Amino acid sequence: MPRYSITTFGCQMNVHDSERMHDVLRCAGYTEAGSADEADVLVLNTCSVREKAEQKLRSEVGRLARWKRERADRVLVVAGCVAQQEGERLLKQMRAIDVVVGPDNIPELPGLLGDLAIGGLPIARTVFDLDAPRFLVASPPSPSSSPRAAPTAFVTVMKGCDERCSFCIVPHTRGPERYRPSDEIVAEIAALVAAGTREVTLLGQTVNSYRDPLGALPRAPGASADDPDESEFAALLRRVAADVPGLARLRYTSPHPRHLTPSLVLAHAELPVLPRHVHMPVQSGSDRVLRRMIRRYTRAEYVARTRALVEAVPGLTLSTDIIVGFPGETEDDFAATLSLVREVGFKGLFGFKYSRRPHTPALKLPDDVPEGVKGERLARLFEESEALLAAHLSALVGTTQQVLVEGRDKERGHGGAGGALWSGRTGRHEIAHIDGAGELDLLGEVVEVSITRANKHSLQAELTEAARAAARPRQRGGGLDARPGRRSLPVVAAEGG
């Protein structure tokens, strides 16, 4: 059987696309190689959101030149956003590449590889599926199979973006918004839960702009027909909660602040399946910069909407995305961003230095903030964020939390003798390492823990007596794989949306 390997660069959407490439290739008779060196087909799933994406790809392709020379029948595939962005140019510029495939053309990958195998020429397929959108569906193991399904999974509800933020290349690489029928979404989530998945994250470039193309969702409570920012996302959340009662947690990423409407706030207040954490990108705290970014909301509107959410769901935490050094950003503009971070009280953020991206409106603006200033501002931003997170984590010491155990702790030995064997996340998304439970099988369980210590970016915890008494003993020779039922995905430079 031909063997393949996938390396993933970028965001959660890319991770999800790589998962689906695994499914597509496996169903076509390919088997996963133990390493890239052992593969007959190597896929680089690329991201172009940040600067130098093409340079990173060029460097990786250059590194793989020897791998290609070792066997003439080896195939190098470039997928993802750089593939969509550059298309045929990649084949002309980097002769080692055999196939270029865009996100919408993943189902065609086995056919493209088959054509190469019988003497076909290198090819680029980067066509948006505008007329008949396709959404790749996960292939979870059967409920009785071993290994079990992963405790967490991604499910795509829409793709593309109709926003026109001046810094963002996504509309060019992912196309306009296309939505998936709610029936298909619910069916995929139900199948995942039946196989053992406990938490699902709904994916979309602006996930909360969702509208059911079949018109099958009733209007959600609190939704206003006169609100231009209203969508059917709250109605979708309510349907998933009602139709898949076995789901423990339902998250989503990445939303847009414009669609944080009263109906969505009310859904958070009324649906226990929605955890007490939301990632809500803001990008800047300066109204002047927000206008230049074409974000279509003001600082005051962002604060009012997120405050309504926090007031409706006591204890809910927020994280965000912020860009520093956008064209024209002054020290006063950056100070406004720092003050917004303090005002909202973000418990985490992804911060980035602005970088010019092809096909974006911001190319018309001079990149006039020096690189050194960008770096200094980013450091100050992270310093502010780290202080807020440290205070938050410290306040949780001595409390009891519910943790969904996602797998084995990658840092065995973390926390002293014996170390923390299992790790997972609380309902607010804090990482928790669980000490002293090596003899138990906690994978996929939501367990009650006592928080014993705050680390820099995580929590140390112990099972409560009740949780220990209810836990299953671990079977020898099993139960310790970090992600049973989930294929290993090398991920490079993962970023928030």
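See above for the structure.
These lines cover the structure that appears in this document, whether it is placed above or below. (Residues numbered from 1 in each chain as written. Predicted model: local features only at pLDDT ≥ 70, side-chain atom pairs only at ≥ 80, totals over all residues. Heavy atoms only, no water.)

What to know about the overall build of the protein chain
To keep things clear, this is the line we draw: Under the scheme used here, helices are H or I runs from DSSP no shorter than 4 residues and strands are E runs no shorter than 2 residues, and both carry numbers assigned from the N terminus. The globule rule is 2.2 Å times the number of residues to the power 0.38, and the radius of gyration it is compared with is taken over C-alpha atoms. Type-normalised accessible area, obtained with a 1.4 Å probe on protein chains alone, sets the label of each residue: buried when under 20%, exposed when over 50%, and partly exposed for intermediate values. Whether two residues touch is decided by their heavy atoms; if any such pair falls within 4.5 Å, the residues are in contact. Each accessible area is a Shrake-Rupley estimate made with a 1.4 Å probe; only the visible protein chains count as cover when residues are assessed.
Assigned secondary structure in the protein chain consists of 15 helices and 22 strands. Expected size for 497 residues packed as a compact globule is a radius of gyration near 23 Å; at 23 Å, the protein chain falls within 12% of this value. Taking the principal axes of the C-alpha coordinates as reference, the protein chain spans close to 65 × 60 × 50 Å. Looking at the protein chain residue by residue over its 497 residues, the buried ones come to 55%. Relative to all contacts within the protein chain whose residues are 6 or more apart in sequence, the contacts with residues 24 or more apart total 74%. A total of about 20700 Å² of accessible surface is found on the protein chain, and carbon and sulfur atoms cover 53% of it.

Observations concerning the environment of Pro110
Relative to the helices and strands, Pro110 resides in helix 6 (residues 109–117). For Pro110, a relative accessible area of 19% gives the class buried. Spatially, the C-alpha atom of Pro110 lies 6.3 Å from that of Leu25, the residues being 85 residues apart in sequence. Aside from chain neighbours lying at most four places away, what touches Pro110 is Val24 and Ala28.

Quick look at the sheet that holds strand 14 (residues 349–353)
Sheet strands pair by backbone hydrogen bonding; their relative direction is either parallel or antiparallel. Cut-off, in case you're wondering: Here, strands pair whenever DSSP counts at least two bridges between them. Here the axes come from fitting lines to C-alpha atoms, over the contacting stretch only for helices, and the angles between their N-to-C directions go from 0 to 180 degrees.
With parallel pairing, the three strands of this open sheet are ordered in space as 12-13-14. The two strands at the open ends of the sheet, each matched to only one other strand, are strand 12 (277–279) and strand 14. With strand direction ignored, the average angle separating the axes of adjacent strands in the sheet is 10 degrees. Where strand 12 meets strand 13 (residues 317–324), three bridges bridge the pair, whose relative direction is parallel. Pairing of Val278 across the sheet is with Leu318, part of strand 13. Packed onto the sheet, helix 14 (residues 371–395) meets strand 13 and strand 14 and runs at close to 175 degrees relative to strand 14.

Comments concerning the side chain of Thr360
To be explicit about the condition: Two N or O atoms form a polar contact when they lie within 3.5 Å of each other; inside protein one atom must be a possible hydrogen donor and the other a possible acceptor, and for residues adjacent in sequence the pair counts only when both atoms belong to side chains.
Counting through the fold element by element, Thr360 comes out in the loop between strand 14 and helix 14. Overall, the relative accessible area of 6% leaves Thr360 in the buried class. Polar side-chain contacts of Thr360 include one of 2.6 Å to the backbone oxygen of Arg357.

A look at the nonpolar core
Note the cut-off: Here, nonpolar core refers to any group of buried Ala, Val, Leu, Ile, Met, Phe, Trp, Tyr and Cys residues whose side-chain atoms link them within 4.5 Å.
Residues Ile189 and Leu202 are the most contacted members of the largest nonpolar core, which totals 54 residues. If you tally residues by element for this core, the top one is helix 9 (residues 233–243), at six residues. Grouped together as the second largest cluster of nonpolar side chains are 22 residues, Leu57, Met94, Ala96 and Ala124 included.

Some remarks on the side chain of Thr253
Positionally, Thr253 belongs in strand 11 (residues 249–253). Among the polar contacts listed, one links the side chain of Thr253 to the side chain of Ser254, at a separation of 3.0 Å. In this structure, Thr253 is in contact with Gln12, Thr201, Leu202, Leu203, Gly204, Val207 and His279, ignoring residues within four places of it in sequence.

Some points on the pairing of strand 7 (residues 152–156)
Of all five residues making up strand 7, five are buried, and the element is well covered by its neighbours. Side-chain alternation along strand 7 places Thr152, Phe154 and Thr156 on one buried face and Ala153 and Val155 on a second face that is also buried. Bridge count for strand 7 against strand 10 (residues 199–203) is five bridges, and the pairing is parallel. Directly across from Val155, in strand 10, lies its bridge partner Leu202.

Focus on the packing of helix 12 (residues 299–312) against helix 13 (residues 331–344)
Under the convention used in this document: An angle counts as roughly parallel when it lies under 35 degrees, as roughly antiparallel when it exceeds 145, as roughly perpendicular when it falls between 65 and 115, and as oblique in every other case. Handedness of a crossing follows from how the near helix is turned relative to the far one, being left-handed for an anticlockwise turn of less than a right angle and right-handed for a clockwise one. Residues are grouped as follows: Ala, Val, Leu, Ile, Met, Phe, Trp, Tyr, Cys and Pro are nonpolar; Asp, Glu, Lys and Arg are charged; all remaining types, including Gly, are polar.
Where helix 12 meets helix 13, the closest approach of the two axes is 11 Å, and the angle between their N-to-C directions is 15 degrees. The pairing of helix 12 with helix 13 is recorded here as roughly parallel in orientation. In this structure, the crossing between helix 12 and helix 13 has a hand that is right-handed. Across from Arg299, Tyr302, Val303 and Arg307 in helix 12, the residues of helix 13 making contact are Ala336, Ser339, Leu340, Glu343 and Val344. Its residues assigned to classes, the contact of helix 12 with helix 13 shows five nonpolar, one polar and three charged.

Points about the pairing of strand 11
Worth spelling out the cut-off: A right-handed crossover is one whose linking path, passing over the helix from the first strand to the second, runs clockwise when the strands point away from the viewer.
For strand 11, a buried count of five out of five residues is recorded, marking the element as mostly surrounded by other parts of the structure. Pairing between strand 10 and strand 11: five bridges, direction parallel. When the bridges of strand 11 are listed, Glu199 appears paired with Arg249. Crossover connection from strand 10 via helix 9 to parallel strand 11: handedness right-handed.

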